[in-house]
Amino acid sequence: MELRKNQHLYRKLHSLSGIIPVGVFLTVHLFVNYTATWGQEAYNTAAGIMVNLPFKYFLEAFIIFIPMYFHAIYGIYIAFQAKNNVGRYGYTRNWKFLLQRITGVITFIFVTWHIWETKIQVEFFGVDANYHLMANIVDNPISLIFYIIGIVSAVYHFANGIWTFLITWGITVSPKSQKVSAYITLGLFVVLSIIGVRAILAFA
Amino acid sequence: MPSHDKIHLIIRRQKDAASAPYHEEFYVPYRTNMNIISALMEVQKHPVNRNGEGTTPVIWESVCLEEVCGSCSMVINGKPRQACSTLIDQLEQPIRIEPLSTFPVVRDLVVDRQRMFDSLKKVKAWIPIDGTHDLGPGPRMAEKTRQWAYELSKCMTCGCCLEACPNVNHQSPFMGPAPLSQVRLFNAHPTGAMHKEERIEAIMGEGGITTCGNSQNCVEVCPKGIPLTTSLAHLNRQVTIHSFKAFFGSY
């Protein structure tokens, strides 16, 4: 089977695509969102720059959709190959392994719904991409809760993904370097979560 | 607290490879300094279960009795370990003993660890030195390298790391940490390094190094304290370097 024969290549592409470009895009996206805490005007200006980038469809396809859905679909395949065993082996890193899979699945569902609510509506149903689009979505408290869970899951998946990326590419080899990178990525998780959650609350 | 007159064992048994597993309980007389093997030997001497019914003796595998051969791996109170070095006095009772779940059960506690030996063949975990004439002494290994390489050479193919790994199971082709760590060992050897690329390419196949999901359970359960996760990460580095060299060219 092709999928099995080229497993090494797919796994490496999976690891890479999670950080470059998907993780980088996630960070940029959360930063743009954060401008909402400065008010509607600021957000509409920042979002306006993103929407008016040249070669937008090309950028969206190759920086966002293709790598992201490759990462997501292949990731689901990987996640369901694991027999999770935190009950028997309750070590911190085993929990992180399980959480990486859970947050991956949540993020997949959340992002697909998020694209439906925003991008698809804008492209195919003539809805304007601005502050009000988001404000209307998170006006519903259930949607807001799902957004907060989705953002925190995506950020966890990204931050812990950096930790595993550094191992997968042979950058952090010694236990000491893996420990330091665990603290740094934990810090990144906290910081990006605050940025992401504060931004969504600015719409509510 | 360990009882001072009898030991309570709950053993997961299986008649043969095809039959369904069941549990059988035993009381064996306590002596000081017993290990799991000596408790099983008591069952063998007097194969009567907790209910006083005669039964078949429990079958297990063990060879060296000093934690170097790797054959007596079992899941004891939920953790994969060596039956020989697991002391009764340090365990909570009842003591639950199961065969490793990663490997096919042959009978009772005996499992077939063949897949690990197949993996060692697949990754070429040896150093080819045979020739048609005397090749003379090989290059010397630096003492510093020898010190960490010796730790990796303690691997006894016991299978505890495969048992604990969430990515080693029937749905996944992952060969597990033990054979991979051997690649690092043989690639570090000055003569073995001459065939480094062959081993790297072997672990870039299906079920190889990239199937590791970094749960790092392996290093927690290894009875020999082998730095398995360091080996895996180091192999990731070797693979990255090898891939660059293979694609862009190297001399």
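Thresholds applied
Residues numbered from 1 in each chain as written. Chains lettered and ligands numbered in written order. Predicted model: local features only at pLDDT ≥ 70, side-chain atom pairs only at ≥ 80, totals over all residues. Domains from an automatic or database assignment. Contact = placed C-beta atoms within 7 Å. Helix = DSSP H or I, 4+ residues; strand = E, 2+ residues; numbered from the N terminus. Nonpolar A, V, L, I, M, F, W, Y, C, P; charged D, E, K, R; others polar. UniProt positions renumbered as here; feature names shortened; annotations may be inferred. Pairing = 2+ DSSP bridges. Axes fitted to C-alpha atoms, helices over the stretch in contact; angles between N-to-C directions. Buried ≥ 20, exposed ≤ 12 C-beta atoms within 10 Å, placed from the backbone. Parallel < 35°, antiparallel > 145°, perpendicular 65-115°, else oblique. Left-handed = near helix turned anticlockwise from the far one by under 90°.

Engineer: What is the right way to look at the domain arrangement of chain B in this model?
Structural biologist: Interface size, as often reported, equals the accessible area lost upon joining of the parts. Residues and elements named next belong to chain B. As assigned here, chain B comprises domain 1 (6-111) and domain 2 (114-248). With centres defined by C-alpha atoms, the gap from domain 1 to domain 2 works out at 31 Å. At the interface, 15 residues of domain 1 touch 12 residues of domain 2. Contributing elements (two or more residues each) for the side of domain 1 that touches domain 2: β3 (73-76) and β4 (79-82). For the side of domain 1 that touches domain 2, the element with the most residues is β4, which contributes four residues. Of the residues that constitute the side of domain 1 that touches domain 2, the class distribution is six nonpolar, six polar and three charged.

Engineer: Mind showing me how you'd approach the interface of chain B and chain A here?
Structural biologist: With 26 residues of chain B at the contact, the number on the chain A side is 26 residues. For the side of chain B that touches chain A, the elements supplying multiple residues, two or more each, are α7 (217-221) and α8 (228-248) of chain B. Top element by residues in the side of chain B that touches chain A is α8(B). It accounts for seven residues. Of the residues contributing to the side of chain B that touches chain A, the split by class is six nonpolar, 17 polar and three charged.

Engineer: Help me understand the UniProt feature "transmembrane region" (unreviewed entry) in chain A in this model?
Structural biologist: Residues and elements named next belong to chain A. Per the UniProt record, "transmembrane region" (unreviewed entry) is found at residues 12-32, 57-77, 98-116, 144-168 and 180-201. Segment residues 57-77 splits into 100% helix and 0% strand. End C-alpha atoms: 28 Å apart. Its end C-alpha atoms 28 Å apart, residues 98-116 is made of 100% helix and 0% strand.

Engineer: Help me understand the pairing of β4(B) in this model?
Structural biologist: Along any regular strand the residues' side chains alternate between the sheet's two faces. Residue and element names in this part refer to chain B. Relative to β4, β3 is paired through four bridges, and the arrangement is antiparallel. Within the sheet, the bridge partner assigned to Val75 lies in β4 and is Pro80. Counted along the chain from β3 to the antiparallel partner β4, the turn is two residues long, and its residue Asn77 has a positive phi close to 45 degrees.

Engineer: For this particular structure, what's the right way to read the sheet that holds strand β2 (residues 22-29) of chain B?
Structural biologist: Sheet strands pair by backbone hydrogen bonding; their relative direction is either parallel or antiparallel. Residue and element names in this part refer to chain B. In spatial order, the strands read β2-β1-β5-β3-β4; together these five strands make up an open sheet with mixed pairing. A single partner strand is all that each edge strand has here, and the edge strands are β2 and β4. Neighbouring strand axes in the sheet, compared pairwise and without regard to direction, differ in orientation by 35 degrees on average. Taken together, the two bridges between β3 and strand β5 (residues 95-98) define a ladder with antiparallel strand orientation.

Engineer: Before we go on, may I ask you to explain the UniProt feature "binding site: heme" (unreviewed entry) in chain A in this structure?
Structural biologist: Residues and elements named next belong to chain A. The UniProt entry lists His29, His71, His114 and His157 under the feature "binding site: heme" (unreviewed entry), expressed in the numbering used here. On the secondary structure map, His29 appears in helix α2 (residues 7-34). Structurally, His157 is set in helix α7 (residues 141-168). Taking the C-beta count within 10 Å as the criterion, His157 has 26 such neighbours and is therefore assigned buried. What His157 contacts, discounting residues up to four positions off in sequence, is Gln100, Thr103, Gly104 and Thr107.

Engineer: Quick question: what am I supposed to make of the environment of Ser181(B) here?
Structural biologist: Residues and elements named next belong to chain B. As for its position among the elements, Ser181 is in helix α5 (residues 177-188). Assessed through the 26 C-beta atoms surrounding it within 10 Å, Ser181 is described here as buried. Separated by 45 residues in the primary sequence, Ser181 and Ile226 place their C-alpha atoms 8.9 Å from one another. Apart from residues lying up to four places away in sequence, Ser181 is in contact with Leu152, Cys155, Ile226, Leu228 and Ser231.

Engineer: Can you walk me through the packing of α2(A) against helix α8 (residues 175-203) of chain A in this structure?
Structural biologist: Two numbers describe a pair of packed helices, the interaxial angle and the distance between the axes. All names here are of chain A. The contact between α2 and α8 brings their axes to 8 Å, and the two run at 45 degrees. Taken together, the axes of α2 and α8 lie oblique to each other. As α2 runs across α8, the sense of the crossing is left-handed. Counting all contacts with α2, which are made through Thr27, Leu30, Asn33 and Tyr34, the residues of α8 involved are Leu192, Ile195, Gly196, Arg198 and Ala199. Residues belonging to the contact of α2 with α8 are distributed by class as follows: five nonpolar, three polar and one charged.

Engineer: Where do I start with the packing of α5(B) against helix α6 (residues 196-203) of chain B in this structure?
Structural biologist: Residue and element names in this part refer to chain B. Between α5 and α6, the least distance of the axes is 10 Å, while the angle of their chain directions is 165 degrees. With respect to their mutual orientation, α5 and α6 come out roughly antiparallel. Considering only the axes of α5 and α6, their crossing is left-handed. Along its contact with α5, which presents Leu180, Val183, Phe186 and Asn187, the element α6 presents Lys196, Arg199 and Ile203. Grouping the amino acids of the contact of α5 with α6 by side-chain chemistry returns four nonpolar, one polar and two charged.

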